Amino acid sequence: MSTISVVVFGCAYNAKETKLKSFITAHVEQIKPMEKEASLASWDAAISGKPEDYDKVSELTLKVRQVYSNPQEFAFLKDMKESGQVENAILARQLDVLYNSYLETQIEPELLKKIVDLGTEIEKNFSTFRGTIEGKKVTDNEIKEILKTQTDSRKRSQAWLASKQVGAIVADDIIRLVKLRNQAARKLGFDNYHTLSLVTAEQDVEELDRIFDELYELTNEPFAELKADLDSILAAKYNVAVTELMPWHYHDPFFQETPMVYDLDLDVYYENKDVKELATRFYTGIGLPVESILANSDLYEREGKNPHAFCTDIDREGDVRILCNLKNNEAWMETILHELGHAVYDKYHEPQVPYLLRKPAHIFTTEAIAMFFGRLSRNPAWMQQTLELSDQQRAEIENVSDKYAQLKQLIFARWDMVMYNFEKQLYANPEQDLNSLWWQMVEKYQLVKRPQGRNEPDWAAKIHFTIAPCYYHNYMLGELLASQLHHHIVHEILKLESDENVSYIDRRELGEFLSKNVFEAGAVYHWNEMIKRATGEPLTPKYFVAQFVK
Ligand SMILES: [Zn+2]
């Protein structure tokens, strides 16, 4: 029997627990086939692209939502929680998970409709609006292209300004949406929607503040140094003084990505390989075979098919699939490693874990596993062995890839701090001067200058405030955990002094460690408890900094 089944099969139940147990049994009987049907429909829609398939998804998603919006059942669960009598650990966890699922759907139907309608309206404005340069409409791709390649500062600034024009169109609506979300949250007894979202996601605002503050302190100096290097390269390229660098001198509208100055074309190493084959071989080698996942998956481009990539657990009983649009290049190598990371997490849950807990501990813990594996596509040791490169080729890659990885991670970390801190304050007080608040954050965290006299809702041009509220911090938490696991595995499991030559190839200890300590338990433990059990300490930014600040 695995360690996890000892936890799952406990002792006798008290009266409250017995009542809860039968509630859960009935609930799972009802919800399990519905969720499977919805997952299958969503898979079919992603493959076919047909509107009627997407309609079916909406219909089935709504049906699932209706189950969770039942106020009597919510009251029952609330009473259970407040009674303090549910002591059995595994029942208490299921109660937490259920309670949160019901809590977030308790918004009254009329208010919910307003929120959904306004969100859809804003999203529509985002997708139909086109910015203009000298009166001429430009697409997002054209703007991105200009910011990547144009050397004339005036043209760059025009493109950057065009990327912000949508902000003015949607800002008032976003503020209205924020207020409606806050209204819903207050009716459920929370300060604001940000707090409610974190609570239902089992995240604590003080804990997140602590992590983000520490990350801020630890990355301050190294980021300033790296950015100074970057700035001098950019200034030379655009023929301006370093002090004259403005937001439009970076290579994307928000300075969330690495400017292309250190990047290296890795595609040449992958073009004659089969990325699916390479990924399969790698996962087999670490003792986490993926053949059965790939057999159910859809991997190549087709007319009408969703052009991105994702992983889905259809039934929590082993039918795990990934969708990709593979090409033999570095980006898709990273993507298939990433999606299969999600997939092995889902695939290797212990089947005896109750249905409600047979899923990752948190959305960011599965993201962390996916990132952990995705990072390998640029890892020189992994590339050398996988792609049979010479020492010289490896040295060439190493020259650039370390610098690139540092810059990429630090730029993203500082950008995520802007998003996390701004969003928290946006919901705390949507009446404040948000335009100024945004630039204060950008100046503080990204060290990018506010254009003189600029007073526009530049923040509102970020679509995530509308479509994925209070979520962005999870990307950063995923990176932190990926590094924490990496550090622990290198030093404690593989017993190595440093991670310099670590490729993880054929290291079955890796698969075994992840299965036993992360995958099997699913959501049996709260995410931070799982991390503590796996690595000996709760989530910390220390190891991310150790890995990417050299
Ligand atoms: Zn992912």
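Above this text you will find the structure in question.
If you're wondering where the values come from, they're calculated on a predicted model, not measured in any experiment.

Draft legend 1. Expanded view of the environment of W43. Following the sequence through the fold, W43 ends up in helix 2 (residues 15-48). Exposure remark for W43: the relative accessible area of 6% places this residue in the buried category. It is 35 Å that separates the C-alpha atoms of W43 and Y404, two residues lying 361 residues apart in sequence. For W43, the residues in contact, after removing those within four places along its chain, are N296, S297, D298, F310, T312, I314, R321, I322 and L323.

Draft legend 2. The packing of helix 17 (residues 391-428) against helix 18 (residues 434-446), seen in detail. Remark: helix 17 packs on helix 18, axes separated minimally by 9 Å, with the N-to-C direction vectors making an angle of 150°. Judged by the inter-axis angle, helix 17 sits roughly antiparallel to helix 18. Where helix 17 crosses over helix 18, the two elements pack in a sense that is right-handed. For the pair helix 17 and helix 18, contact is made by R414, W415, M417, V418, M419, N421, F422, Q425 and L426 and by L434, L437, W438, M441, V442, K444, Y445 and Q446, respectively.

Draft legend 3. Fine view of the nonpolar core. In terms of nonpolar packing, the biggest core is built from 167 residues, with F373 and W438 touching the most fellow members. Counting residues per element, this core draws most heavily on helix 17, at 14 residues.

Draft legend 4. Quick look at the coordination of the zinc ion. Within the first shell, the zinc ion binds the protein through H338 (NE2), H342 (NE2) and E367 (OE), at distances of 2.1 to 2.2 Å. Of note, the donors binding the zinc ion are all from one chain and are spaced H-x3-H-x24-E. In this pair, H338 and H342 are both assigned in helix 14 (residues 330-347), 4 residues apart and thus about one turn of the helix distant. Here the two residues H338 and H342 agree in accessibility, since each one is buried.

Draft legend 5. Broad picture of the pairing of strand 3 (residues 310-313). Both strand 3 and strand 4 (residues 320-323) contribute to a ladder of 4 bridges, which runs antiparallel. Pairing of D313 across the sheet is with V320, part of strand 4. Where strand 3 folds back on strand 4, the antiparallel hairpin that results is connected by 6 residues, among which R316 adopts a positive phi of roughly 55°.

Draft legend 6. Layout of the pattern of salt bridges. Evaluation of the coordinates by the stated rule reveals 29 salt bridges. In this structure, D229 engages K403 in a salt bridge whose closest nitrogen and oxygen atoms are separated by 3.4 Å. Taken together, the residues D229 in helix 10 (residues 205-238) and K403 in helix 17 connect sequence positions 174 residues apart. Taking the shortest distance from any N to any O, the salt bridge between E537 and K542 comes out at 3.2 Å. Through salt bridges with shared partners, one network takes in E207, R210 and E214.

Calculation notes
- Residues numbered from 1 in each chain as written.
- Predicted model: local features only at pLDDT ≥ 70, side-chain atom pairs only at ≥ 80, totals over all residues.
- Heavy atoms only, no water.
- Helix = DSSP H or I, 4+ residues; strand = E, 2+ residues; numbered from the N terminus.
- Buried < 20%, exposed > 50% of the residue type's maximum accessible area, 1.4 Å probe, protein only.
- Contact = heavy atoms within 4.5 Å.
- Axes fitted to C-alpha atoms, helices over the stretch in contact; angles between N-to-C directions.
- Parallel < 35°, antiparallel > 145°, perpendicular 65-115°, else oblique.
- Left-handed = near helix turned anticlockwise from the far one by under 90°.
- Core = buried A, V, L, I, M, F, W, Y, C linked by side-chain atoms within 4.5 Å.
- Donors = N, O, S within 2.8 Å, 3.2 Å for Na, K, Ca; no water.
- Pairing = 2+ DSSP bridges.
- Salt bridge = Lys/Arg side-chain N within 4 Å of Asp/Glu carboxyl O.

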